[in-house]
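These are the residues of each chain, in order.
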Amino acid sequence: MKQSISIFWFRRDLRLEDNAGFHEALVSSKNVLPIFIFDKDILDSLPRNDARVTFIHETLQALNTKLKNEYGSGIAMYHGKPMDIYEQLISKYDVDTVYTNTDYEPYAIARDNAIKALLDSNGIAFKSVKDQMIFEKDEIVKKDGTPYKVYTPYSKRWIEAYHSGRMISYPSEALLDATIKSIDLPNLDLEAIDFNKSMIEIAKYDSSESLIGDYEATRNFPAMDSTSKLGPHLRFGTVSIRKMVGKAAKQSNITFLKELIWREFFTQILWHFPHTATDSFKPKYDRIEWRNDETEFKKWCDGETGYPLVDAGMRQLNQTGFMHNRVRMLVGSFLCKHLLVDWRWGEAYFALKLHDYDMSSNVGNWQWVAGCGVDAAPYFRIFNPTTQIEKFDKQLDYVKKWVPNFQELTYPTPIVDHKMARERCLKVYKAAINQ
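Residues numbered from 1 in each chain as written. Predicted model: local features only at pLDDT ≥ 70, side-chain atom pairs only at ≥ 80, totals over all residues. Heavy atoms only, no water.

A. Main features of the pattern of salt bridges. Considering all chains together, one arrives at 27 salt bridges under this definition. Residue D286 pairs with R344 through a salt bridge whose shortest N-O separation is 3.1 Å. One end of the pair, D286, is in the loop between α11 (255–272) and α12 (294–302); the other, R344, is in helix α15 (residues 343–353), with 58 residues separating them in the sequence. Salt bridges here are not isolated pairs; linked through shared partners, they connect R12, D103, E105 and D358. (Salt bridge = Lys/Arg side-chain N within 4 Å of Asp/Glu carboxyl O. Helix = DSSP H or I, 4+ residues; strand = E, 2+ residues; numbered from the N terminus.)

B. The sheet that holds strand β3 (residues 76–80), seen in detail. Overall, parallel pairing links the 5 strands, which are arranged β3-β2-β1-β4-β5 in an open sheet. What marks the edges here is a single partner per strand, and that holds for β3 and β5 (125–129). Neighbour-to-neighbour, the strand axes of the sheet open up by a mean angle of 25°, direction not taken into account. Sheet topology places strand β4 (residues 94–101) next to β5; 5 bridges connect them, and they run parallel. If you follow V98 over to β5, its bridge partner there is F126. Each of β1 (4–10), β2 (32–39), β3 and β4 touches helix α4 (residues 82–92); the most contacted strand, β2, lies at about 150° to it. (Pairing = 2+ DSSP bridges. Axes fitted to C-alpha atoms, helices over the stretch in contact; angles between N-to-C directions. Contact = heavy atoms within 4.5 Å.)

C. Spatial organisation of the nonpolar core. If you look at the biggest cluster of nonpolar residues, it comprises 57 residues, and the most contacted ones within it are W300, F350 and Y429. Secondary structure elements with two or more residues in this core: α12, α13 (308–320), α14 (325–338), α15, α16 (359–370), α18 (397–402) and α19 (418–433). At 7 residues, α19 tops the list of elements feeding residues into this core. The residues contacting F350, other than those within four sequence positions of it, are W300, M314, L317, M323, R328, V331, Y357, N362 and W366. Within the second largest apolar cluster, 30 residues are counted, among which are L211, V245, F256 and I261. (Core = buried A, V, L, I, M, F, W, Y, C linked by side-chain atoms within 4.5 Å. Buried < 20%, exposed > 50% of the residue type's maximum accessible area, 1.4 Å probe, protein only.)

D. Geometry of the packing of aromatic side chains. Evaluation of the coordinates by the stated rule reveals 30 aromatic pairs. Judged by centre distance (5.6 Å) and plane angle (85°), the ring pair of W262 and F265 falls under edge-to-face. A residue pair is termed a helical-turn pair when its members lie 3 or 4 positions apart in one helix, as W262 and F265 do in helix α11 at 3 residues. Seen from their ring centres, Y379 and F380 are 5.5 Å apart, and the 75° between their planes marks the pair as edge-to-face. For Y379, a relative accessible area of 15% puts it in the buried group. (Phe/Tyr/Trp six-rings, centres within 6.5 Å; stacked < 30°, edge-to-face > 60°.)

E. Just helix α10 (residues 241–249), in detail. Burial in α10 covers these residues: I241, R242, M244, V245, G246 and A248. Those residues of α10 that are buried lie in contact with α1 (20–28), α6 (151–164), α7 (209–213), α9 (231–235) and α11. N-cap assignment for α10: the residue whose side-chain oxygen lies 3.1 Å from the backbone N of R242 is S240. (Polar contact = N/O pair within 3.5 Å; in protein donor to acceptor, adjacent residues only side chain to side chain.)

F. Region of the structure containing the state of the cysteines. Inspection of the entire model under this criterion finds 0 disulfides. Not engaged in a disulfide, the cysteine C372 finds its nearest cysteine sulfur in C336; these two sulfurs lie 7.4 Å apart. A relative accessible area of 2% places C372 in the buried class. (Disulfide = S-S within 2.5 Å.)

G. Examining α4 more closely. Residues P82, I85, Y86, L89 and I90 constitute the buried set of α4. Seen from one end, α4 has its buried residues packed into an arc of 135°, which puts them on one side. Exposed residues lying more than 90 degrees from the buried face of α4 are S91 and K92. Those residues of α4 hidden inside the fold are in contact with β1, β2, α2 (40–43), β3, β4 and α5 (106–121). (Arc of directions from axis to C-beta.)

H. Quick peek at the side chain of R326. One can find R326 in helix α14. Buried charged residue R326 carries no salt bridge. Nearest counter-charge: E259, at 9.3 Å. The contacts of R326, once residues within four sequence positions are left out, are N220, F383, Q388 and F392. (Lys, Arg positive; Asp, Glu negative; His and termini not counted.)

Pasting the structure below:
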């Protein structure tokens, strides 16, 4: 006779505490099997030593150890295509309900719809719960019900809704005894999923009162290293967004809170306009005649453009999986406008390298710098990579750290002349949008 269970499917929510979907599962069932699927459809395109996979694996092992030591349970780990794994689970267990937290990316939506159809055909309920956002989908819209396409009015409405509501917490950590008691749940080491341990570690985050309070004054200076490093932890759910927003909302300075709201703004844009994953929000910008010079693109990737602040950012990214936010704007603008390389090339490279890669934010920000997205920088706004140093790294501390040879003969000459590149960009963009 099959064991009767409910399943909680971990995805972008790798924590035991304040986990909305996990909480609903534990409240609703006394026999919850937590699972995680190392999804081949996602993993097969990644380098074998991807730091994000190491981070996910190590986080899962820590959660598994806690569940095993304190509750005699654990997380069942699988490697394969989600549809195949669920067919196995259905054949092994009498599954009542599958609980999970909602994901908003196009691949995740298609995957979940397919899993739901499979479960429906077997008489199994599928419950998806809001967890990684304060406000999701169409919860923050204009009075006429249409989505906001400009950040500032969206953020004002978001803040109003937040302060007029009541923050709910989900004490899943108090209910873990409802997980299935078993010592035979499948576990996987990195080798079993065909990955190696990365030598690059994902940084711990800082959400201290001092960092949040000083954020507006310090956030634009890359040498100060005063950003929170929260990105990967929000991406993989090792920290609760409710906890972080709660901390930020208590401060009189709301700059840090507004950065968290940008994340939700871009998420709802991708949800409302899924075509923006691959196409410009403003269609006329897809008429731009990109140069797409592969040699110049490789120099940009390698941090060999001859512009020290651009190169410092790219070298920081390549060596650490992180790049300072101010520098991200510069390197993105440089690629699209100085080199006239399609923003999609840069977006794909960041997706490969950034530890905090999140499709909605990555696509949204790349379209912002390229001028083709919602609430984008105007196409004629072209950052000067030399004067940016004067503004944000005047003592050259950041440049010296990542490009120590920038004043030596071994350092390359600039890949392109700024004035010429600016004029060329304006001409090409005008030709495209005035057609």
